[in-house]
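# Structure assessment
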Amino acid sequence: MNKNGKQYTKTYTPQELKYKLFGKKVCPICLEKMVLMKESEYKGVGRGGMGASYGFAKYNADLYEIRETYYCKKCDKNYTISELIKIKEK
Ligand SMILES: [Zn+2]
């Protein structure tokens with residue numbers, strides 16, 4: 001099988017998606033607006049291409065998982081979306 005390209009995946013829970021679309025991205029400490037940061041984490045070689053998650057991928061690819069965090073410049077802190085949801089619920 002050919003190793004063919006890179007595949008990036010990002011999955012959201014329904015709560016995370018809701019926060020991403022409608023939530024106020026402000027720092028829970030200082031209420032400053034936060035910046036969205038993206039980084040990808042290498043997950044090794046796996047099945048890539050359309051339909052990979054359904055098990056009929058056609059080729060192998062380098063798999064990356066995208067991690068999104070929100071960064072507050074003032075506090076120099078990073079928060080993941082799930083952390084922000086937890087803080088909000090308190
Ligand atoms: Zn802050």
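Please read these numbers as outputs of a predicted model, since none were measured by experiment.

## Describing the overall build of the protein
A tally of helices and strands in the protein yields 2 helices and 4 strands. Scanning the protein from its N terminus toward the C terminus, one meets helices and strands in the order β-α-β-β-β-α. Contacts in the protein between residues far apart in sequence, at least 24 positions, make up 63% of those at least 6 positions apart.

## Looking at the nonpolar core
Met 34, Tyr 70, Cys 72, Tyr 79, Ile 81 and Leu 84 together form the largest nonpolar core, which totals 6 residues. Those elements that place two or more of their residues in this core are strand 3 (59–72) and helix 2 (81–89). Dropping the residues within four chain positions of it, Met 34 is found in contact with Lys 25, Val 26, Cys 27, Tyr 70, Tyr 71 and Cys 72.

## Observations concerning the confidence of the model for the protein
Across the protein, pLDDT averages 86, with 84% of residues at or above 70. Strand 4 (residues 77–80) holds the highest mean pLDDT among the elements of the protein, 95, whereas strand 1 (residues 3–9) holds the lowest, 79.

## Some words on the packing of helix 1 (residues 14–22) against helix 2
Packing of helix 1 against helix 2 leaves a shortest axis separation of 10 Å and a crossing angle of 85 degrees. By the angle class used here, helix 1 and helix 2 are roughly perpendicular. Between helix 1 and helix 2, the residues in contact are Gln 15, Glu 16, Tyr 19 and Lys 20 and Ile 81, Ser 82, Leu 84 and Ile 85, respectively. Along the lines of polarity and charge, the residues of the contact of helix 1 with helix 2 split into 4 nonpolar, 2 polar and 2 charged.

Scoring rules and cut-offs
Residues numbered from 1 in each chain as written. Predicted model: local features only at pLDDT ≥ 70, side-chain atom pairs only at ≥ 80, totals over all residues. Helix = DSSP H or I, 4+ residues; strand = E, 2+ residues; numbered from the N terminus. Contact = placed C-beta atoms within 7 Å. Core = buried A, V, L, I, M, F, W, Y, C linked by C-beta atoms within 7 Å. Buried ≥ 20, exposed ≤ 12 C-beta atoms within 10 Å, placed from the backbone. pLDDT = per-residue confidence, 0-100. Axes fitted to C-alpha atoms, helices over the stretch in contact; angles between N-to-C directions. Parallel < 35°, antiparallel > 145°, perpendicular 65-115°, else oblique. Nonpolar A, V, L, I, M, F, W, Y, C, P; charged D, E, K, R; others polar.

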